[in-house]
Amino acid sequence: MSTQTVIGEGHVERPPPLVRWYAEHRRAVFGTLVAILFLLFWEGLSRGWWADALRPLIGHAADPLLVPPIFISSPSRIAAEAWRMFVVTREIWSDLRFSAMEYALGLGAAIAVGMPLGLASGWYRRLSYAVGPFLAGFNATPQVALLPLIIIWVGFGLAAKILIIFALAVLPIAISAQSAVRTTDARLLKVAHSFGAGEWHLFRTIILPSAVPFLLAGLRLAVGRAMIGIVVGEIFGSAVGVGAMINRSGSRFETDKVFVGVLVIAAAGMLLAELVHQIERRVEAWRPSV
Amino acid sequence: MAVKLEARDIRLEYYQPRTDTRLVALDGVNLTVMDGEFVSIVGPSGCGKTTFLSVVDGLIAATNGRVMVNGRVVSRPGPDRAVVFQDASLLPWRTVERNVVYGLECLGIADAEAKARARKFIDMVGLSGFEHHYPHELSGGMQQRVNLARALVMDPEVLLMDEPFAALDAQTREGMQEELLRIWLQAKKTVLFITHQIDEAIYLSDRVVVFSGRPGRVKEIIEVGMERPRRLTVKREARFHAIEDRIWGLIEEDLKSRIAGDRPPDTPRD
Ligand SMILES: Nc1ncnc2c1ncn2[C@@H]1O[C@H](COP(=O)(O)OP(=O)(O)OP(=O)(O)O)[C@@H](O)[C@H]1O
Ligand SMILES: [Mg+2]
């Protein structure tokens, strides 16, 4: 127990500062601690710390605890490699620029097409009958399998990468937009009708605001799926891009570089998800905070 | 006095595709309301009062029969009518003030004027100071008062009110009743008022319409015939109790026949 109550005097003793600090930052402390332990474990695997420590006890059974860096690299090697790529040779920046551009264009197109399409097909029953089978079929297809087709259509250039990112991101956006409209509170629609709201006004004042949480949830999904597109889209015939760098380094067994690329993408994905989350918090200020 | 509102032989069937059943909510409802009249509707729960109000508002099309307001057939909602909904149905992402101006916004009234008008009615329902609160920050009764202000601010010729005071405590309710009567007298409105509180219906109304159990029909229309303005003390007079007893009797007949349980929806179509 960190707090002590002195019974009878009704006086609560304040816990020592360190305990208080821990109570306030428990989440961060735990997260950091586990992350550090994980990194230590990883470093130890690749440097053979655990294997060396256990060998006197269990002999050769400890050997699997030494994993050569070519398989798993190590935190220190990845850090060194990242330093080199970002600061010394600055080679990764052109890859980042290229991938960021294709990502932005692909995701942007997915939003520009998916949202209006989803909203409209949620609202107009006939349109939903028309596009429903396409959405369902497209959803059942692993979109990356379309890559060869896309290459046949538009070649190996930037357009192919934009298209595959688009294909991956457009569905969660369209489908969430559609269900957003479908689940609009019928009572609010009744209110709007009763006050004589025109169709556009109804859309703007009822449907869109109540759709926002769904739209953002769809966007958050799409942000992650579009990241897959960066790697997959750059598998074939790409000289630049983070995905291409990962593929190239992988085929050369440059594990450190692969990890740098993967971590960069993961970091970008988390950053974007956080951004969407921040937007959610802004837009949803009216929601009860429970 | 001119006829303001006329419902002629209204029949309404709800069709439920899921179970392939039809439910007759209203069957042959006739009602004529004069200009400036205050008419209440009482009746057992589920007898079609809300449904009837929706038909009058033009939200639901009657299966049969027609509603006329000012001699014109109602086919959809219009600015001459405004509804106070049974469940507050506020837009949760709008503050009190922005909820109240909603209808004015639909009419294309300028923001500044709409806000000025809203302020007056927010004040009237006792919510000044809460203009910038969101519905979830209000109590149920407060939300209901926003719902009321949202309809009043429209300044409609016909007010359609669906149990507007049901969520209020007795004191607030009486205050609101008086306020409503004041608006009604002063602005010469026609009011169609649904309530479960028989004393409320009598106190407010010129006539009380008693609906029968489902399918809803007009079972009887009772003239209140008490002078106005009325004081709250009339609720303790003998003639008031006499009317109350009579209405209770009428509703009880229906309740007795339903005591074995609510009538199930009608049988599937053949
Ligand atoms: N949208 C609907 N679809 C199908 N049936 C409905 C619908 N709305 C109402 N009903 C049915 O119509 C009947 C009348 O409902 P209504 O809401 O008009 O009753 P009410 O008199 O307002 O009841 P209460 O006093 O409880 O508010 C009920 O039996 C209900 O089951
Ligand atoms: Mg009702």
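1. Let's talk about the sheet that holds strand β3 (residues 38–42) of chain B
Residues and elements named next belong to chain B. Across the sheet, which stays open at both edges, the six strands sit in the order β6-β7-β8-β3-β9-β10 with mixed pairing between neighbours. In this open sheet, the two edge strands, each paired with only one partner strand, are β6 (81–84) and β10 (218–223). Across this sheet, the average inter-strand angle for adjacent strands is 15°, counted without regard to direction. Pairing of β3 with strand β9 (residues 207–211), which is carried by four bridges, proceeds in the parallel orientation. Bridged to Ile 41 within β9 is Val 209. Running at roughly 180° to β6, helix α5 (residues 140–152) makes contact with β6 and β7 (158–162) of the sheet. Along the sheet face, helix α6 (residues 170–187) touches β3, β7 and β8 (190–194) and points at about 135° away from the line of β3.

2. What about the packing of helix α6 (residues 92–123) of chain A against helix α12 (residues 242–251) of chain A?
Residues and elements named next belong to chain A. The contact between α6 and α12 brings their axes to 7 Å, and the two run at 125°. Taken together, the axis directions place α6 and α12 in an arrangement best described as oblique. Residue-level contacts link Ile 92, Asp 95, Leu 96 and Ser 99 of α6 to Val 242, Gly 243 and Met 245 of α12. Taken together, the residues of the contact of α6 with α12 sort by class into four nonpolar, two polar and one charged.

3. Notes on the packing of helix α2 (residues 26–47) of chain A against helix α5 (residues 75–88) of chain A
All names here are of chain A. α5 packs onto α2 with a crossing angle of 95° between their chain directions and a minimal axis gap of 8 Å. Between α2 and α5, the crossing angle belongs to the class labelled roughly perpendicular. Note on element contacts: α5 touches α2 through Pro 75, Ser 76 and Ile 78, opposite Leu 39, Trp 42, Glu 43 and Arg 47. By residue class, the composition of the contact of α2 with α5 is four nonpolar, one polar and two charged.

Rules behind the numbers
- Residues numbered from 1 in each chain as written.
- Chains lettered and ligands numbered in written order.
- Predicted model: local features only at pLDDT ≥ 70, side-chain atom pairs only at ≥ 80, totals over all residues.
- Heavy atoms only, no water.
- Pairing = 2+ DSSP bridges.
- Helix = DSSP H or I, 4+ residues; strand = E, 2+ residues; numbered from the N terminus.
- Axes fitted to C-alpha atoms, helices over the stretch in contact; angles between N-to-C directions.
- Contact = heavy atoms within 4.5 Å.
- Parallel < 35°, antiparallel > 145°, perpendicular 65-115°, else oblique.
- Nonpolar A, V, L, I, M, F, W, Y, C, P; charged D, E, K, R; others polar.

Such coordinate-based values are descriptive only and should not be taken to indicate function.
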